[in-house]
Amino acid sequence: PEQRDILELRYPADLAIVSVVRQDLDRARHFVMKYHHTFVEEWAPLHPLATSARHRKLQTLQNVVEIDEFLQFVAHESNFRSQAPLKRLLSSWSSRYPDSKEDDVTVWEDVTAHRILYMQILREKFARLCNDGGELEGGISMNWVHEFLNTHKRQSYHMMAIAARKMNNLHVADFYLRL
């Protein structure tokens, strides 16, 4: 129990991702809440001029915010009955990328990998809700979902490649351009 408590205290964001992968969304919500609590406790004592320490703390926040958005999205069946909620979710992600000058490539890779994971889970959820004709209750076709998610997946890879190139990490840029 002691080691588990240490893991939950130090790595709630990582445990939330593991829970999402395991499709244990209630547990993921628990870890997101735990992360928010820990974040506030660790953020409060940071001096306002301790910019690098504050920046390091903020780097993990984007991933957790996106986990939270994903969990809120899948919690409501009504989000799977129309195109608008999915468009809104992915549009908000598309407008939020790490900074290619301030954040290193690992931050970018985490954000990209997590978004791809969420999109895959969304694709599976939409597919489970489809009828035999490939349509969902609100008239959304699975083909539209597939194309829409693929477009955003390609966009994420493209943005990752551009950022890696700006960081002079040509190997990573080349890898993401080939995907």
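Everything quoted here is computed from the prediction, not taken from an experiment.

## Let's talk about the overall build of the protein chain
Looking only at helices and strands, the protein chain features eight helices and zero strands. Across the protein chain, helices and strands are ordered from the amino to the carboxyl terminus as α-α-α-α-α-α-α-α. Its C-alpha atoms put the protein chain at 55 × 45 × 25 Å along the principal axes. Considering the protein chain as a whole, with its 179 residues, one finds that 39% of them fall into the buried category. By sequence separation, contacts in the protein chain at least 24 residues apart represent 62% of the contacts at least 6 residues apart. Accessible surface for the protein chain amounts to roughly 10600 Å². Of this, 53% is attributable to carbon and sulfur atoms. Seen as two clouds, the 23 positive and the 24 negative side-chain charges of the protein chain have centres 3 Å apart.

## Quick notes on the packing of aromatic side chains
One pass over the full model with this rule turns up 10 aromatic pairs. Between Tyr 97 and Trp 108, the ring centres sit 5.7 Å apart and the planes meet at 10°, which makes this aromatic pair stacked. Remark: Trp 108 occurs in helix H6 (residues 105–129) and Tyr 97 occurs in the loop between helix H5 (83–94) and H6; sequence separation between them is 11 residues. Each member of the pair, Tyr 97 together with Trp 108, is buried. Three or more aromatic residues link up through ring pairs in this structure, and these residues are Tyr 35, Phe 39 and Trp 43. Taking the ring centre of Tyr 97 as reference, the NZ or CZ of Arg 115 above it sits at 4.5 Å. The ring of Phe 80 has Lys 125 sitting right over it, with the charged end atom 5.3 Å from the ring centre.

## Considerations on the packing of H6 against helix H7 (residues 142–166)
Here H6 crosses H7 at 175°, and the two axes come no closer than 10 Å. On the basis of the axis angle, H6 is roughly antiparallel to H7. Residue classes in the contact of H6 with H7 are distributed as 15 nonpolar, five polar and four charged.

## Concerning the pattern of salt bridges
Following the criterion strictly, the structure yields 10 salt bridges and no others. Ionic pairing is found between Glu 8 and Arg 27, a salt bridge with its closest N-O pair at 3.2 Å. Here Glu 8 is found in helix H1 (residues 2–10), whereas its partner Arg 27 is found in helix H3 (residues 25–43), with 19 residues between them in sequence. Between Glu 77 and Lys 125 there is a salt bridge, with the nearest N and O atoms lying 3.1 Å from each other. Here Lys 125 lies in helix H6 and Glu 77 lies in the loop between helix H4 (51–74) and H5, a separation of 48 residues in the sequence. Within this structure, Arg 4, Glu 8, Arg 27 and Lys 34 form a network of salt bridges that share partners.

## Some points on the packing of H4 against H6
Running from N to C, H4 and H6 point in directions that differ by 5°, and their axes come no closer than 10 Å. Classified by the interaxial angle, the pair formed by H4 and H6 is roughly parallel. In contact with Gln 59, Gln 62, Asn 63, Glu 66, Ile 67, Phe 70, Phe 73 and Val 74 of H4, H6 contributes Val 107, Asp 110, Val 111, His 114, Arg 115, Tyr 118, Ile 121, Leu 122 and Lys 125. Considering only residue class, the contact of H4 with H6 consists of nine nonpolar, four polar and four charged.

## A look at the nonpolar core
In a soluble, globular protein the nonpolar side chains are often hidden away together inside. The biggest cluster of nonpolar side chains holds 45 residues, and the ones touching the most others in it are Val 20, Ile 67, Phe 70, Leu 71, Leu 86, Leu 122 and Phe 126. Listing elements by their share of this core, those giving two or more residues are helix H2 (12–21), H3, H4, H5, H6, H7 and helix H8 (170–178). With residues near it in sequence (within four places) discarded, Leu 71 still touches Val 20, Leu 25, Ala 28, Arg 29 and Val 32.

Reading the values: the criteria
- Residues numbered from 1 in each chain as written.
- Predicted model: local features only at pLDDT ≥ 70, side-chain atom pairs only at ≥ 80, totals over all residues.
- Heavy atoms only, no water.
- Helix = DSSP H or I, 4+ residues; strand = E, 2+ residues; numbered from the N terminus.
- Buried < 20%, exposed > 50% of the residue type's maximum accessible area, 1.4 Å probe, protein only.
- Contact = heavy atoms within 4.5 Å.
- Areas by Shrake-Rupley, 256 points an atom, 1.4 Å probe, with all protein chains shown as cover.
- Lys, Arg positive; Asp, Glu negative; His and termini not counted.
- Charge placed at Lys NZ, Arg CZ, Asp CG, Glu CD.
- Phe/Tyr/Trp six-rings, centres within 6.5 Å; stacked < 30°, edge-to-face > 60°.
- Lys NZ or Arg CZ within 6 Å of the ring centre and 35° of its normal.
- Axes fitted to C-alpha atoms, helices over the stretch in contact; angles between N-to-C directions.
- Parallel < 35°, antiparallel > 145°, perpendicular 65-115°, else oblique.
- Nonpolar A, V, L, I, M, F, W, Y, C, P; charged D, E, K, R; others polar.
- Salt bridge = Lys/Arg side-chain N within 4 Å of Asp/Glu carboxyl O.
- Core = buried A, V, L, I, M, F, W, Y, C linked by side-chain atoms within 4.5 Å.

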